[in-house]
Amino acid sequence: MKIRKAVIPVAGKGTRFLPATKEIPKEMIPIVNKPMIHYAVEEAVLSGIEQIIFVTSSGKSSIEDYFDRNLELEQFLEKNGKSHLATEIREIGQMTEVTTVRQKEQLGLGHAINCAKDLIGDETFAVILADDLVVNKEPVTKQLLTISRENEGASVIGVMEVERSETYKYGIVDGQPIDSKKETYKMNKMVEKPKPEEAPTTLATPGRYILGPEIFSYLERIPKGVGGEYQLTDAINLMASEMNVLAHIFKGTRFDTGSIKGYLDATMEFALMDEEMRPDIINLMKEKITAYEN
Ligand code: G1P
(Lines give C-alpha, C1' and ligand atoms only; values in the text may rest on other atoms or scores of the structure.)
Protein backbone atom coordinates (compact mmCIF):
# COMPACT_ATOMS: atom_id res chain seq x y z
CA MET A 1 0.00 0.00 0.00
CA LYS A 2 1.29 3.45 -0.89
CA ILE A 3 2.54 5.51 2.04
CA ARG A 4 0.82 8.85 1.66
CA LYS A 5 1.26 10.70 4.93
CA ALA A 6 4.14 12.24 6.86
CA VAL A 7 4.04 13.67 10.36
CA ILE A 8 6.35 16.60 11.03
CA PRO A 9 6.34 17.72 14.68
CA VAL A 10 6.87 21.49 14.94
CA ALA A 11 5.54 22.24 18.41
CA GLY A 12 8.94 22.77 20.08
CA LYS A 13 9.94 26.10 21.61
CA GLY A 14 13.31 26.33 19.83
CA THR A 15 15.10 27.58 22.94
CA ARG A 16 18.54 27.08 21.38
CA PHE A 17 17.69 29.83 18.89
CA LEU A 18 16.43 32.43 21.36
CA PRO A 19 15.98 35.35 21.02
CA ALA A 20 15.23 34.73 17.30
CA THR A 21 12.54 32.22 18.27
CA LYS A 22 10.84 34.62 20.69
CA GLU A 23 8.48 35.68 17.88
CA ILE A 24 9.10 33.33 14.96
CA PRO A 25 9.01 29.55 14.90
CA LYS A 26 12.44 27.93 14.75
CA GLU A 27 11.26 26.06 11.65
CA MET A 28 10.85 29.38 9.79
CA ILE A 29 14.48 30.43 10.25
CA PRO A 30 16.02 30.38 6.77
CA ILE A 31 18.93 28.34 5.50
CA VAL A 32 20.09 30.62 2.68
CA ASN A 33 16.68 31.75 1.35
CA LYS A 34 14.33 28.95 2.37
CA PRO A 35 13.00 28.29 5.86
CA MET A 36 14.22 25.08 7.50
CA ILE A 37 10.75 23.55 7.26
CA HIS A 38 10.84 23.91 3.47
CA TYR A 39 13.58 21.29 3.23
CA ALA A 40 11.68 18.78 5.38
CA VAL A 41 8.49 19.16 3.34
CA GLU A 42 10.45 19.04 0.09
CA GLU A 43 12.05 15.77 1.23
CA ALA A 44 8.60 14.33 1.92
CA VAL A 45 7.17 15.47 -1.42
CA LEU A 46 10.17 14.15 -3.37
CA SER A 47 9.65 10.84 -1.55
CA GLY A 48 6.08 10.59 -2.86
CA ILE A 49 4.27 11.77 0.28
CA GLU A 50 0.94 13.48 -0.50
CA GLN A 51 -0.18 14.82 2.86
CA ILE A 52 1.83 16.54 5.57
CA ILE A 53 0.55 16.58 9.13
CA PHE A 54 2.19 19.28 11.23
CA VAL A 55 1.94 18.77 14.98
CA THR A 56 1.92 22.38 16.12
CA SER A 57 1.54 24.59 19.16
CA SER A 58 0.58 28.24 19.57
CA GLY A 59 2.63 30.77 17.60
CA LYS A 60 3.30 28.40 14.70
CA SER A 61 0.68 29.59 12.19
CA SER A 62 3.32 31.08 9.87
CA ILE A 63 4.37 27.51 9.01
CA GLU A 64 0.89 26.74 7.70
CA ASP A 65 0.73 30.09 5.91
CA TYR A 66 4.06 29.40 4.22
CA PHE A 67 2.62 26.33 2.48
CA ASP A 68 -0.57 28.17 1.48
CA ARG A 69 -1.02 30.36 -1.61
CA ASN A 70 -0.32 34.10 -1.24
CA LEU A 71 -2.29 35.49 -4.18
CA GLU A 72 -1.58 39.10 -3.31
CA LEU A 73 2.19 38.52 -3.35
CA GLU A 74 1.96 36.46 -6.54
CA GLN A 75 0.05 39.27 -8.31
CA PHE A 76 2.46 41.90 -7.00
CA LEU A 77 5.45 39.98 -8.35
CA GLU A 78 3.76 39.37 -11.73
CA LYS A 79 2.90 43.08 -12.05
CA ASN A 80 6.48 44.07 -11.27
CA GLY A 81 8.06 41.86 -13.89
CA LYS A 82 9.23 39.20 -11.44
CA SER A 83 7.24 36.30 -12.81
CA HIS A 84 10.00 33.76 -12.04
CA LEU A 85 9.62 34.64 -8.35
CA ALA A 86 5.83 34.56 -8.64
CA THR A 87 6.11 31.03 -10.03
CA GLU A 88 8.39 29.95 -7.18
CA ILE A 89 6.01 31.35 -4.58
CA ARG A 90 3.00 29.72 -6.29
CA GLU A 91 4.75 26.35 -6.38
CA ILE A 92 5.40 26.43 -2.63
CA GLY A 93 1.67 27.01 -2.07
CA GLN A 94 0.88 24.06 -4.30
CA MET A 95 3.60 21.74 -3.01
CA THR A 96 1.41 19.51 -0.88
CA GLU A 97 -1.71 19.14 1.20
CA VAL A 98 -1.12 20.38 4.74
CA THR A 99 -3.11 19.49 7.85
CA THR A 100 -2.35 20.53 11.39
CA VAL A 101 -3.08 19.13 14.82
CA ARG A 102 -2.26 20.81 18.10
CA GLN A 103 -0.04 19.38 20.79
CA LYS A 104 -1.51 21.14 23.78
CA GLU A 105 1.22 20.18 26.24
CA GLN A 106 4.88 19.61 25.44
CA LEU A 107 5.18 16.07 26.73
CA GLY A 108 7.79 14.70 24.35
CA LEU A 109 8.22 13.38 20.81
CA GLY A 110 6.19 10.24 21.52
CA HIS A 111 3.31 12.38 22.75
CA ALA A 112 3.62 14.67 19.69
CA ILE A 113 3.34 11.73 17.28
CA ASN A 114 0.38 10.34 19.22
CA CYS A 115 -1.44 13.65 18.62
CA ALA A 116 -1.58 12.72 14.89
CA LYS A 117 -3.25 9.35 15.58
CA ASP A 118 -6.73 10.24 14.27
CA LEU A 119 -5.34 11.91 11.16
CA ILE A 120 -3.17 8.89 10.34
CA GLY A 121 -5.84 6.24 10.93
CA ASP A 122 -4.85 2.75 9.87
CA GLU A 123 -1.98 3.68 7.55
CA THR A 124 1.78 3.33 7.65
CA PHE A 125 3.33 6.79 7.70
CA ALA A 126 6.64 8.67 7.71
CA VAL A 127 8.00 10.89 10.48
CA ILE A 128 10.47 13.64 9.62
CA LEU A 129 12.17 15.76 12.27
CA ALA A 130 12.83 19.10 10.59
CA ASP A 131 15.82 19.86 12.83
CA ASP A 132 17.72 17.10 11.13
CA LEU A 133 18.50 18.04 7.58
CA VAL A 134 19.80 15.24 5.37
CA VAL A 135 21.26 16.11 1.98
CA ASN A 136 21.30 13.40 -0.66
CA LYS A 137 20.22 13.02 -4.28
CA GLU A 138 17.73 10.32 -3.29
CA PRO A 139 15.87 11.73 -0.27
CA VAL A 140 16.39 9.75 2.93
CA THR A 141 12.65 9.18 3.45
CA LYS A 142 12.45 7.68 -0.04
CA GLN A 143 15.32 5.31 0.80
CA LEU A 144 13.49 4.13 3.93
CA LEU A 145 10.20 3.72 2.03
CA THR A 146 11.97 1.44 -0.43
CA ILE A 147 13.34 -0.73 2.39
CA SER A 148 9.87 -0.90 3.94
CA ARG A 149 8.31 -1.92 0.63
CA GLU A 150 10.95 -4.60 0.07
CA ASN A 151 10.25 -6.02 3.55
CA GLU A 152 6.48 -6.53 3.57
CA GLY A 153 5.73 -3.00 4.73
CA ALA A 154 7.81 -3.27 7.92
CA SER A 155 8.50 -0.22 10.07
CA VAL A 156 11.97 1.18 9.27
CA ILE A 157 14.10 3.55 11.31
CA GLY A 158 16.80 5.56 9.52
CA VAL A 159 20.19 5.29 11.23
CA MET A 160 23.72 6.59 10.82
CA GLU A 161 27.01 5.82 12.57
CA VAL A 162 28.02 8.40 15.21
CA GLU A 163 31.01 8.75 17.51
CA ARG A 164 30.51 6.81 20.75
CA SER A 165 30.93 10.08 22.68
CA GLU A 166 27.75 11.38 20.94
CA THR A 167 25.29 8.60 21.78
CA TYR A 168 23.69 10.64 24.58
CA LYS A 169 22.12 12.90 21.91
CA TYR A 170 20.19 10.22 20.03
CA GLY A 171 17.95 7.20 19.97
CA ILE A 172 20.40 4.29 19.56
CA VAL A 173 19.51 1.06 17.78
CA ASP A 174 20.74 -2.46 18.42
CA GLY A 175 20.11 -5.21 15.88
CA GLN A 176 21.35 -7.91 13.53
CA PRO A 177 22.13 -7.24 9.88
CA ILE A 178 19.78 -8.95 7.42
CA ASP A 179 21.72 -8.11 4.24
CA SER A 180 25.26 -8.86 3.06
CA LYS A 181 26.19 -5.15 2.91
CA LYS A 182 25.21 -4.75 6.58
CA GLU A 183 23.03 -1.75 5.80
CA THR A 184 19.69 -3.09 7.03
CA TYR A 185 19.19 -4.51 10.52
CA LYS A 186 16.43 -6.35 12.32
CA MET A 187 16.03 -4.32 15.48
CA ASN A 188 16.48 -6.00 18.87
CA LYS A 189 16.05 -2.87 20.88
CA MET A 190 16.23 0.89 20.83
CA VAL A 191 17.44 3.10 23.70
CA GLU A 192 16.88 6.84 24.09
CA LYS A 193 20.03 8.91 24.63
CA PRO A 194 22.24 6.32 26.39
CA LYS A 195 25.52 7.37 27.97
CA PRO A 196 28.48 6.37 25.74
CA GLU A 197 29.49 3.58 28.13
CA GLU A 198 25.96 2.18 28.13
CA ALA A 199 25.12 2.48 24.42
CA PRO A 200 24.60 -0.96 22.84
CA THR A 201 25.91 0.33 19.46
CA THR A 202 26.76 3.61 17.74
CA LEU A 203 23.85 3.43 15.28
CA ALA A 204 21.85 6.59 15.88
CA THR A 205 18.60 7.90 14.42
CA PRO A 206 18.54 11.48 13.21
CA GLY A 207 14.75 11.66 13.13
CA ARG A 208 13.64 9.63 10.11
CA TYR A 209 11.07 6.90 10.66
CA ILE A 210 8.58 4.82 8.68
CA LEU A 211 6.05 3.56 11.21
CA GLY A 212 3.14 1.14 10.99
CA PRO A 213 -0.13 2.29 12.63
CA GLU A 214 0.56 -0.25 15.43
CA ILE A 215 2.93 2.36 16.88
CA PHE A 216 -0.07 4.15 18.39
CA SER A 217 -0.95 1.23 20.65
CA TYR A 218 2.67 1.15 21.86
CA LEU A 219 2.63 4.91 22.42
CA GLU A 220 -0.37 4.37 24.72
CA ARG A 221 1.57 1.78 26.71
CA ILE A 222 4.85 3.54 27.46
CA PRO A 223 5.55 5.38 30.70
CA LYS A 224 7.41 8.69 30.73
CA GLY A 225 11.07 8.13 29.86
CA VAL A 226 14.28 10.16 29.51
CA GLY A 227 13.77 13.79 30.52
CA GLY A 228 10.36 12.96 32.01
CA GLU A 229 8.91 12.87 28.47
CA TYR A 230 6.99 10.30 26.43
CA GLN A 231 9.70 9.07 24.08
CA LEU A 232 9.01 7.75 20.58
CA THR A 233 12.13 5.61 21.04
CA ASP A 234 10.51 3.75 23.96
CA ALA A 235 7.41 2.94 21.88
CA ILE A 236 9.57 1.70 18.99
CA ASN A 237 11.59 -0.41 21.43
CA LEU A 238 8.38 -2.01 22.71
CA MET A 239 7.15 -2.54 19.17
CA ALA A 240 10.45 -4.23 18.23
CA SER A 241 9.98 -6.72 21.07
CA GLU A 242 6.72 -7.91 19.49
CA MET A 243 7.00 -7.18 15.77
CA ASN A 244 9.52 -7.00 12.92
CA VAL A 245 11.11 -3.52 13.02
CA LEU A 246 14.06 -2.67 10.79
CA ALA A 247 16.81 -0.07 10.93
CA HIS A 248 18.55 1.07 7.76
CA ILE A 249 21.80 2.98 7.35
CA PHE A 250 20.76 5.66 4.87
CA LYS A 251 22.92 7.51 2.38
CA GLY A 252 23.38 11.24 2.85
CA THR A 253 24.99 14.01 4.85
CA ARG A 254 23.12 15.04 7.96
CA PHE A 255 23.11 18.47 9.59
CA ASP A 256 21.82 19.12 13.09
CA THR A 257 20.11 22.42 12.30
CA GLY A 258 18.68 22.49 15.82
CA SER A 259 22.10 23.67 17.05
CA ILE A 260 23.74 26.94 16.06
CA LYS A 261 26.89 25.17 14.85
CA GLY A 262 24.93 22.66 12.74
CA TYR A 263 22.77 25.46 11.41
CA LEU A 264 25.80 27.46 10.26
CA ASP A 265 27.32 24.32 8.76
CA ALA A 266 24.12 23.67 6.76
CA THR A 267 23.94 27.32 5.68
CA MET A 268 27.51 27.23 4.35
CA GLU A 269 26.86 23.90 2.63
CA PHE A 270 23.70 25.13 0.89
CA ALA A 271 25.41 28.35 -0.18
CA LEU A 272 28.32 26.35 -1.59
CA MET A 273 25.99 23.90 -3.35
CA ASP A 274 24.64 26.85 -5.37
CA GLU A 275 26.99 27.08 -8.34
CA GLU A 276 26.28 30.77 -8.92
CA MET A 277 27.00 31.71 -5.31
CA ARG A 278 29.94 29.35 -4.78
CA PRO A 279 32.92 31.47 -5.99
CA ASP A 280 31.80 34.49 -3.94
CA ILE A 281 31.24 32.38 -0.84
CA ILE A 282 34.65 30.74 -1.15
CA ASN A 283 36.31 34.16 -1.48
CA LEU A 284 34.38 35.49 1.50
CA MET A 285 35.39 32.51 3.62
CA LYS A 286 39.04 32.90 2.64
CA GLU A 287 38.97 36.60 3.54
CA LYS A 288 37.39 35.86 6.92
CA ILE A 289 39.87 33.10 7.75
CA THR A 290 42.79 35.41 6.92
CA ALA A 291 41.26 38.27 8.94
CA TYR A 292 40.50 36.18 12.03
CA GLU A 293 43.62 34.04 12.04
CA ASN A 294 45.87 37.09 12.14
C1 G1P B 1 14.86 13.31 19.25
C2 G1P B 1 14.63 11.83 19.53
C3 G1P B 1 15.93 11.05 19.38
C4 G1P B 1 16.54 11.32 18.03
C5 G1P B 1 16.75 12.83 17.85
C6 G1P B 1 17.27 13.16 16.46
O7 G1P B 1 15.59 13.85 20.32
O8 G1P B 1 14.06 11.65 20.80
O9 G1P B 1 15.70 9.68 19.54
O10 G1P B 1 17.76 10.63 17.89
O11 G1P B 1 15.51 13.54 18.02
O12 G1P B 1 17.53 14.52 16.35
P13 G1P B 1 15.76 15.45 20.53
O14 G1P B 1 16.94 15.86 19.69
O15 G1P B 1 14.49 16.09 20.08
O16 G1P B 1 16.03 15.63 21.99
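See above for the structure.
Residues numbered from 1 in each chain as written. Predicted model: local features only at pLDDT ≥ 70, side-chain atom pairs only at ≥ 80, totals over all residues. Heavy atoms only, no water.

1. Some thoughts on the site of the ligand
What counts is decided by this rule: If a single non-hydrogen atom of a residue is within 4 Å of a molecule or strand, that residue counts as near it. By the criterion applied in these results, polar contacts are pairs of N or O atoms within 3.5 Å in which, for protein atoms, one can donate a hydrogen and the other can accept it, and in which residues neighboring in sequence qualify only through two side-chain atoms. Only the protein chains shown count as cover for residues, with accessible areas throughout obtained via the Shrake-Rupley method and a probe of 1.4 Å. The classification used treats Ala, Val, Leu, Ile, Met, Phe, Trp, Tyr, Cys and Pro as nonpolar, Asp, Glu, Lys and Arg as charged, and all other residues, Gly among them, as polar.
Around the ligand, the structure places L109, L129, D132, Y170, G171, E192, K193, T205, P206, G207, Q231 and T233. In the environment of the ligand, an oxygen atom lies 2.7 Å from a nitrogen or oxygen atom belonging to the side chain of K193. Within the contact set of the ligand, an oxygen atom lies 2.6 Å away from a backbone nitrogen or oxygen of T205. For the ligand, whose free accessible area comes to 380 Å², the fraction covered by protein is 74%. Of the residues in the shell around the ligand, the class split is four nonpolar, five polar and three charged.

2. Quick notes on the packing of aromatic side chains
What counts here: Two aromatic rings from Phe, Tyr or Trp, using only the six-membered ring of Trp, form a pair when their centres are within 6.5 Å; if the ring planes differ by under 30 degrees the pair is stacked, by over 60 it is edge-to-face, and anything between is tilted. The buried label goes to any residue with under 20% of its type's maximum accessible area, the exposed label to any with over 50%, and the partly exposed label to all in between, with areas taken from a 1.4 Å probe on protein chains only.
The tally for this structure, following the rule as stated, stands at five aromatic pairs. Consider the rings of Y66 and F67, whose centres lie 4.9 Å apart with planes at 90 degrees: the pair is edge-to-face. Take F67: its relative accessible area is 4%, and that puts it in the buried class. The structure contains a cluster of three or more aromatic residues connected by ring pairs, namely F54, Y66 and F67.

3. Here we look at the pattern of salt bridges
The cut-off we apply is this: Each reported salt bridge corresponds to a side-chain nitrogen of Lys or Arg within 4 Å of a carboxyl oxygen of Asp or Glu. For the purposes of this entry, the term helix denotes a DSSP run of H or I that reaches at least four residues, the term strand denotes a run of E that reaches at least two, and both are numbered from the N terminus.
Throughout the structure, instances matching the rule amount to 15 salt bridges. Its salt-bridge partner being E43, residue R208 comes within 2.8 Å of it at the nearest N-O pair. Within this pair, whereas R208 is found in strand β12 (residues 208–211), its partner E43 is found in helix α1 (residues 36–46), the two being separated by 165 residues in sequence. Since its relative accessible area comes to 1%, R208 is described here as buried. The salt bridge partner of R221 is E242, with a shortest N-O separation of 3.1 Å. With R221 in helix α8 (residues 215–221) and E242 in helix α9 (residues 232–242), the pair connects residues that are 21 residues apart, well separated along the chain.

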